[in-house]
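The lines below spell out each chain.
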Amino acid sequence: MAYDGILLGSGTTGDGDLPYEALDLYDGLDTLNLRGRLAATFGSGDTAYDLFCEAVDTLEKKLIEREAEIVLPSLKIDVTMSPDEEIQALQMGKHFSELLLQEKD
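Residues numbered from 1 in each chain as written. Predicted model: local features only at pLDDT ≥ 70, side-chain atom pairs only at ≥ 80, totals over all residues. Heavy atoms only, no water.

The test is simple: UniProt positions are given in the numbering used here, feature names are shortened, and annotations may be inferred rather than shown by experiment.
Where an unreviewed UniProt entry is consulted, the chain appears under the name Flavodoxin, with the organism given as Sporolactobacillus inulinus. Recorded in UniProt for the chain, the comment headed Cofactor (unreviewed entry) runs: "FMN". Here is the UniProt Sequence similarities (unreviewed entry) comment for the chain, exactly as written: "Belongs to the flavodoxin family."

### Describing the pairing of strand β1 (residues 5-11)
Applicable threshold: At least two bridges found by DSSP between two strands is the condition for calling them paired. Helix and strand definitions follow DSSP, with helices as H or I runs of at least four residues and strands as E runs of at least two, each counted in order from the N terminus. If the strands point away from the viewer and the path from the first strand over the helix to the second runs clockwise, then the crossover is right-handed.
As paired strands, β1 and strand β2 (residues 38-45) are joined by 7 bridges and run parallel to one another. Bridging across to β2, Gly9 finds its partner in Phe42. Running through helix α1 (residues 20-28), the crossover from β1 to the neighbouring parallel element β2 is right-handed.

### Describing the packing of aromatic side chains
Selection rule: Think of it this way: a Phe, Tyr or Trp ring, Trp meaning its six-membered ring, pairs with another when their centres are within 6.5 Å, and the plane angle makes it stacked under 30 degrees, edge-to-face over 60, tilted otherwise. In this analysis the charged atom, NZ for Lys or CZ for Arg, is taken to sit over a ring once it is within 6 Å of the ring centre and within 35 degrees of the ring normal.
Scanning the model with the defined rule gives 0 aromatic pairs in all. Over the face of the ring belonging to Tyr3 we find Arg37, whose NZ or CZ atom lies 5.8 Å from the ring centre.

Spelled out as structure tokens, the structure:
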């Protein structure tokens, strides 16, 4: 495999669903051996719905099923990113890249 980690993000649509644009990616994960690969998830949703950011949970479950190692808690954004959440997203990306570098050492 040509990568050490996988960081997946998606919005949530409808009744906690992945958007149709993400379905091919989701289905494609079934063809990958992710055993031991570092992974994390992020995405947006709307707290007005019962299943807030369910697509993020769906992606994380699939990564676990494919034996990836979830190394960070999911980042879930309510509709639009606030300035604080933008900082959290940047920190998540930085932390994920640091974990990848540590893994290579």
